[in-house]
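Here is what each chain is made of, one letter per residue.
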Amino acid sequence: MQSPTDHTARLRGAAVGAASGAVALGAHGLGGGNAAPEGSSLALLFAACGLIGVVVASLRPRYGLISLMGMLAAGQAIGHIALSTAPEHHHHAASPIMLIAHLVAIPFGALVIRAAEAGMRRAVTSVRRFIVALGIAPEPPAHRARTTTPDDRAVLRRLLVSPGIGRRGPPAPALPFLHPVPA
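Residues numbered from 1 in each chain as written. Predicted model: local features only at pLDDT ≥ 70, side-chain atom pairs only at ≥ 80, totals over all residues. Heavy atoms only, no water.

(A) Spatial organisation of the side chain of Gln76. With respect to the helices and strands, Gln76 occurs in helix 3 (residues 65-84). A residue is classified by how much of its surface remains accessible, and Gln76, at 2% relative accessible area, is buried. When neighbours within four sequence positions are excluded, Gln76 is seen to be in contact with Ser20, Val23, Ala24, His102, Ala105 and Ile106. (Helix = DSSP H or I, 4+ residues; strand = E, 2+ residues; numbered from the N terminus. Buried < 20%, exposed > 50% of the residue type's maximum accessible area, 1.4 Å probe, protein only. Contact = heavy atoms within 4.5 Å.)

Encoded structure:
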């Protein structure tokens, strides 16, 4: 089970944003586009990759490598669109070399990013253990007991759901059409 605070999220976001931009530039150049974009296309690519990195860092990947590959694919597509919408854009069709570059870069990039995340977790754990062993920081408790008290909403919710409060109301009034009057 992962902790609720994912310390590698920023690393993942930066890596996906940077990889998306780099692969979009490389594949765009292989596909016959401008290999060295400048001006508005480069600014648009940087903005798109920055936005991709922030979005990926805020998301929590639920399906591991598959979700990371989806994030990379979306980032590369957005980066390629950013390069294609520039006024100095010269190529119009997707070449097979460009598509192969994108398709190879997606699983390779996902594996490299996952390996970097695992390495970062191991490094942080080793540093924490080293600091505890030196006695600089106290050892974290094995189990933290919760000392919370239920707030008013929880008490009210419990009262509403409990079987002590029934759904019984006052008796229904006698309606004439329900009880025919004897003639």
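(B) Main features of the nonpolar core. One finds Val16, Ile52, Val56, Leu68, Met71, Leu72, Ala110 and Ile113 forming the largest nonpolar core, which totals 8 residues. At the level of secondary structure, the elements contributing two or more residues to this core comprise helix 2 (40-58), helix 3 and helix 4 (96-134). Counting residues per element, this core draws most heavily on helix 3, which supplies 3 residues. Sequence-distant contacts of Leu72, defined by excluding residues within four places in its chain, comprise Val16, Ala19, Ser20, Ile106, Gly109, Ala110 and Ile113. (Core = buried A, V, L, I, M, F, W, Y, C linked by side-chain atoms within 4.5 Å.)

(C) Geometry of a nonpolar patch on the surface. On the surface, a cluster of nonpolar side chains totalling about 270 Å² of accessible area is made up of Leu51, Val55 and Leu59. Looking at the element boundaries, Leu51 is found in helix 2. Overall, Leu51 belongs to the exposed group, its relative accessible area being 57%. (Patch = residues over 30% accessible without salt bridge, like charges linked within 9 Å, V, L, I, M, F, W, Y side chains within 5 Å. Areas by Shrake-Rupley, 256 points an atom, 1.4 Å probe, with all protein chains shown as cover. Salt bridge = Lys/Arg side-chain N within 4 Å of Asp/Glu carboxyl O.)

(D) Local environment of the packing of helix 2 against helix 3. Relative orientation of the contacting elements helix 2 and helix 3 amounts to 160 degrees, with a least axis distance of 8 Å. Classed by the angle they form, the pair helix 2 and helix 3 counts as roughly antiparallel. Our pair here, helix 2 against helix 3, has a crossing hand that is right-handed. Residues Ser41, Leu44, Leu45, Ala48, Ile52 and Val56 of helix 2 lie in contact with helix 3, whose contacting residues are Met71, Gly75, Ile78, Gly79, Ala82 and Leu83. A class-by-class count of the residues in the contact of helix 2 with helix 3 yields 9 nonpolar, 3 polar and no charged. (Axes fitted to C-alpha atoms, helices over the stretch in contact; angles between N-to-C directions. Parallel < 35°, antiparallel > 145°, perpendicular 65-115°, else oblique. Left-handed = near helix turned anticlockwise from the far one by under 90°. Nonpolar A, V, L, I, M, F, W, Y, C, P; charged D, E, K, R; others polar.)

(E) Summary view of the packing of helix 1 (residues 9-30) against helix 2. At a minimum axis separation of 7 Å, helix 1 and helix 2 run at an interaxial angle of 150 degrees. Between helix 1 and helix 2, the crossing angle belongs to the class labelled roughly antiparallel. For the pair helix 1 and helix 2, the sense of crossing is right-handed. For the pair helix 1 and helix 2, contact is made by Ala9, Arg10, Arg12, Gly13, Val16, Gly17, Ser20, Gly21, Ala24 and Leu25 and by Leu45, Cys49, Ile52, Gly53, Val56 and Ala57, respectively. Across the contact of helix 1 with helix 2, the residue classes tally to 9 nonpolar, 5 polar and 2 charged.

(F) Molecular detail of helix 1. End to end, helix 1 covers 31 Å across 22 residues, agreeing with the expected 32 Å (1.5 Å per residue, within 8%). Buried within helix 1 we find Ala9, Arg12, Gly13, Val16, Gly17, Ser20, Gly21, Val23, Ala24, Ala27 and His28. Elements that come into contact with the buried residues of helix 1 comprise helix 2, helix 3 and helix 4. (Expected span 1.5 Å × (residues − 1).)

(G) Spatial organisation of the pattern of salt bridges. Enumeration over the complete set of coordinates arrives at 3 salt bridges. A salt bridge links Arg12 to Glu117, with the shortest nitrogen-to-oxygen separation between them at 2.9 Å. Of this pair, Arg12 sits in helix 1 while Glu117 sits in helix 4; the two residues are 105 residues apart in sequence, bridging distant segments of the chain. You can call Arg12 buried: its relative accessible area is 1%. A relative accessible area of 1% means that Glu117 is categorised as buried. A salt bridge links Arg121 to Glu117; the nearest nitrogen and oxygen atoms lie 3.7 Å apart. Here Arg121 pairs with Glu117, and both are found in helix 4, just 4 residues apart, close to one helical turn. The class for Arg121 is partly exposed, based on a relative accessible area of 33%.

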